[in-house]
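# Tertiary structure, described
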Amino acid sequence: MKYTNPQFRDAVSAEYVLGTLQGAARRRFERSLKDDPRLRQLVAQWQNRLAPLDELVEPVQPPARVWRKIEDRIVRAGPRRWLSDMRFWRAASFISAACALLLAVYIVQQPPRAPETMVVVMSGDQGTPAMTVSWPVKPSGKPKLRIRVMGHPDMPPGTSWELWMLPGSDQKPVSLGLIGTAPTQELAIPANLAPMINRATGLAMSQEPAGGSPTGLPTGPVLYKGLCTPI
Amino acid sequence: MADNDAIAQLMARCVLRDQRAFRELYRHTCAKLYAVALRIVRREDWAEEVLQESFVNIWNHIAEYSAARSAPLTWMTAIVRNRALDWLRRPNLEHGDEDYDLLVEAVADDAPGPELILGASRDARALAECLKQLTGNQRQTIILAYSHGLSHGELARHLKQPLGTVKTWIRRGLDRLKGCMDTSAAG
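Residues numbered from 1 in each chain as written. Chains lettered and ligands numbered in written order. Predicted model: local features only at pLDDT ≥ 70, side-chain atom pairs only at ≥ 80, totals over all residues.

### Observations concerning the overall build of chain A
Counted only if it meets this: Only DSSP runs of H or I reaching four residues or more are called helices, and only runs of E reaching two or more are called strands; each is numbered from the N terminus. Note on contacts: residues are paired as contacts if their backbone-placed C-beta atoms lie within 7 Å.
Within chain A one finds six helices and eight strands. Start at the N end of chain A and walk to the C end: the helices and strands fall as α-α-α-α-α-α-β-β-β-β-β-β-β-β. Put simply, 59% of the contacts in chain A that link residues at least 6 apart link residues at least 24 apart.

### Describing the overall build of chain B
Worth spelling out the cut-off: Exposure classification rests on a simple neighbour count of other C-beta atoms within 10 Å of a residue's own: a residue reaching 20 or more is buried, one at 12 or fewer is exposed, and one in between is partly exposed. C-beta atoms are placed from the backbone.
Secondary structure assignment for chain B yields ten helices and zero strands. Secondary structure elements of chain B occur, N-terminal to C-terminal, as α-α-α-α-α-α-α-α-α-α. Expressed as a percentage of its 187 residues, the buried residues of chain B come to 39%. Within chain B, residue pairs in contact and separated by at least 24 positions form 64% of the contacts whose partners lie at least 6 positions apart.

### Description of unusual backbone geometry
Residue and element names in this part refer to chain B. Positive phi, normally seen in glycine, also occurs at R17, with a value near 65 degrees. Within the fold, R17 resides in the loop between α1 (2-15) and α2 (19-41). The backbone of R42 shows a phi angle near 60 degrees, a positive value even though the residue is not glycine. Note on placement: R42 falls in the loop between α2 and α3 (44-61).

### Remarks on helix α4 (residues 72-88) of chain B
Residues and elements named next belong to chain B. Under the convention used in this document: Multiply 1.5 Å by the residue count of a helix minus one, and that product is the helix's expected span.
End to end, α4 covers 25 Å across 17 residues, agreeing with the expected 24 Å (1.5 Å per residue, within 8%). Of all the 17 residues making up α4, twelve are buried; the element is thus mostly covered by neighbouring parts of the structure. Residues P72, L73, W75, M76, T77, A78, V80, R81, R83, A84, L85 and L88 constitute the buried set of α4.

### Digging into the packing of helix α1 (residues 6-18) of chain A against helix α3 (residues 37-50) of chain A
In a packed pair of helices, the relevant descriptors are the angle between the two axes and the axis-to-axis distance. Residues and elements named next belong to chain A. The test is simple: Lines are fitted to the C-alpha atoms to define the axes, a helix being fitted only along its stretch in contact, and any angle between axes, read from their N-to-C directions, falls within 0 to 180 degrees. In these notes the angle categories are as follows: under 35 degrees is roughly parallel, over 145 is roughly antiparallel, 65 to 115 is roughly perpendicular, and the rest is oblique. Note: crossing handedness is left-handed where the near helix turns anticlockwise from the far helix by less than a right angle, and right-handed where it turns clockwise.
Contact pair α1 / α3: the axes reach a minimum separation of 9 Å and the direction vectors enclose 50 degrees. The angle between α1 and α3 places the two elements in the oblique class. Relative to α3, the crossing made by α1 is right-handed. Where α1 approaches α3, its residues R9, D10, S13, A14, Y16 and V17 are matched on the opposing element by L39, L42, V43, W46, Q47 and L50.

### Side note on the interface of chain B and chain A
We apply this condition: Residues are grouped as follows: Ala, Val, Leu, Ile, Met, Phe, Trp, Tyr, Cys and Pro are nonpolar; Asp, Glu, Lys and Arg are charged; all remaining types, including Gly, are polar.
Tallying the contact residues gives 48 residues for chain B and 33 residues for chain A. Element by element, the count of residues in the side of chain B that touches chain A is highest for α2 of chain B, at eleven residues. Residues that form the side of chain B that touches chain A fall into these classes: 26 nonpolar, twelve polar and ten charged.

### Here's the deal with the pairing of strand β1 (residues 117-123) of chain A
Residue and element names in this part refer to chain A. Short version of the rule: A pair of strands counts as paired when DSSP detects no fewer than two bridges linking them.
Direction of pairing for β1 relative to strand β2 (residues 129-136): antiparallel, over a ladder of seven bridges. Residue V120 lies in a different strand from β2, and its bridge partner there is V133. Of the strand pairs in this sheet, β1 and strand β8 (residues 222-230) are connected by four bridges, and their pairing is antiparallel. Bridged to V119 within β8 is T229.

### Re the packing of α3 of chain B against α4 of chain B
Residues and elements named next belong to chain B. In contact at an axis separation of 9 Å, α3 and α4 are set at 130 degrees when each is read in the N-to-C sense. On the basis of the axis angle, α3 is oblique to α4. Two packed elements cross with a definite hand, and for α3 against α4 that hand is right-handed. The segment α3 lies against α4, with W46, V50, L51, E53, S54, N57 and I58 engaging M76, I79, V80, R83, A84 and W87. In the contact of α3 with α4, the residues fall into nine nonpolar, two polar and two charged.

### Structural notes on the sheet that holds β1 of chain A
All names here are of chain A. Strand order in the open sheet formed by eight strands is β5-β4-β7-β8-β1-β2-β3-β6, with antiparallel pairing between adjacent strands. The open sheet has two edge strands with one neighbour each: β5 (174-179) and β6 (184-188). For this sheet, the mean angle separating the axes of adjacent strands, direction not counted, is 25 degrees.

### Considerations on the environment of L150 of chain B
Residue and element names in this part refer to chain B. Mapping L150 onto the fold places it in the loop between α8 (136-148) and α9 (152-159). Given 28 C-beta atoms within 10 Å, L150 falls into the buried group. Placed 109 residues apart in sequence, L150 and V41 show a C-alpha to C-alpha distance of 10.0 Å.

### Side note on the environment of Q47 of chain A
With respect to the helices and strands, Q47 of chain A occurs in helix α3. Residues Q47 of chain A and L18 of chain A lie 29 residues apart in sequence; the distance between their C-alpha atoms is 8.5 Å. Dropping the residues within four chain positions of it, Q47 of chain A is found in contact with V17 of chain A together with S70, T74 and A78 of chain B.

### Overview of the confidence of the model for chain B
Heads up, the condition is: In predicted models, pLDDT denotes the confidence assigned by the predictor to each residue on a 0 to 100 scale.
In this model, chain B carries a mean pLDDT of 86, and residues with pLDDT of at least 70 account for 82%. At the level of chain-chain contacts, confidence expressed as ipTM amounts to 0.90, with global pTM at 0.61.

### Brief notes about the environment of P218 of chain A
Residues and elements named next belong to chain A. Positionally, P218 belongs in the loop between β7 (202-209) and β8. Considered as a pair, P218 and S175 are 43 residues apart in the sequence and their alpha carbons are 8.4 Å apart. Once residues lying within four places of it in the same chain are set aside, the contact partners of P218 are W164, P173, S206 and S213.

This is the structure in structure tokens:
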């Protein structure tokens, strides 16, 4: 339907704002709004006329979970915060420099050979190593991660630890699975990730709701992270 | 309103994808907007959903806000109201409407609402003055529809009037309201 008659345009705009324009007519009107700036103007005028009726509303504080859900949905659309956090890269570069030094010493003492093992020293914000993850570059049998957790950390009830592979600078983290707090653990590398894991730039571990991230991407705080080093 | 200036500044930062500004914007406006949603859908869990959807919409469409057209809070409120109205009109939505009768009684009073007269803004006083010019039925149907999201059918049922009568009250009431407000704005 074309909204041509000026009186009709204004009347329909009014009932749209009032809320009494409904169903198919409302949908049709909304479609017309998209490419009719004059119609949008009429709607805005009615919104301004009736807006004082909202001034009377007594504010009611919504529960905190509403904001968490909104944040979840808008933040995930943007870059991950901890990937753009300088502290992460500073800690990561410190650790990788230390690893490189160890590696250099190692290489000098050894005849050259292909790396056998990937090691990730993972640490929290303070930069203290808290966990190591390693795996053979060329596994014999099913590929597994060997995980060592230091310092007997606590996992709050109702939460899980989820380990993430960081495939590269622009790519999203990929879940490797849930881990526990035990000092030594093993985690099978999911078959679809086994071919890519040697090319990963790093690993991260985030705290998630029990059972793991509901979204397939980290939603909770990243507790530990580190870069992959072949040795 | 000073509050509107603060909100406008936060919105400008949100256009640049400043998530911290968006959090502030939420903090400033959520209680008001939650109340608007709650008044229409009248269930806390639904109002939470509506608020969540609305803020995601606000974030995604914030660049489309035009300060020349409406105050920032009016623009945000319109998004919440639309979302709440859509929510109420979902197919297969079951809701008991017995308490609409209470609402209807509450708004039945002929007075335009003392809160509106005492309302902080000049716009509110202008609207209150013009609502006084309407008949009681026109005023009641318009306030019920706007504030609580009642449809023509619901209004007719609860006011025990034929549908056509209710539609006429609303149409004439809106027409008169516009005439009155345009005159008072010009004067």
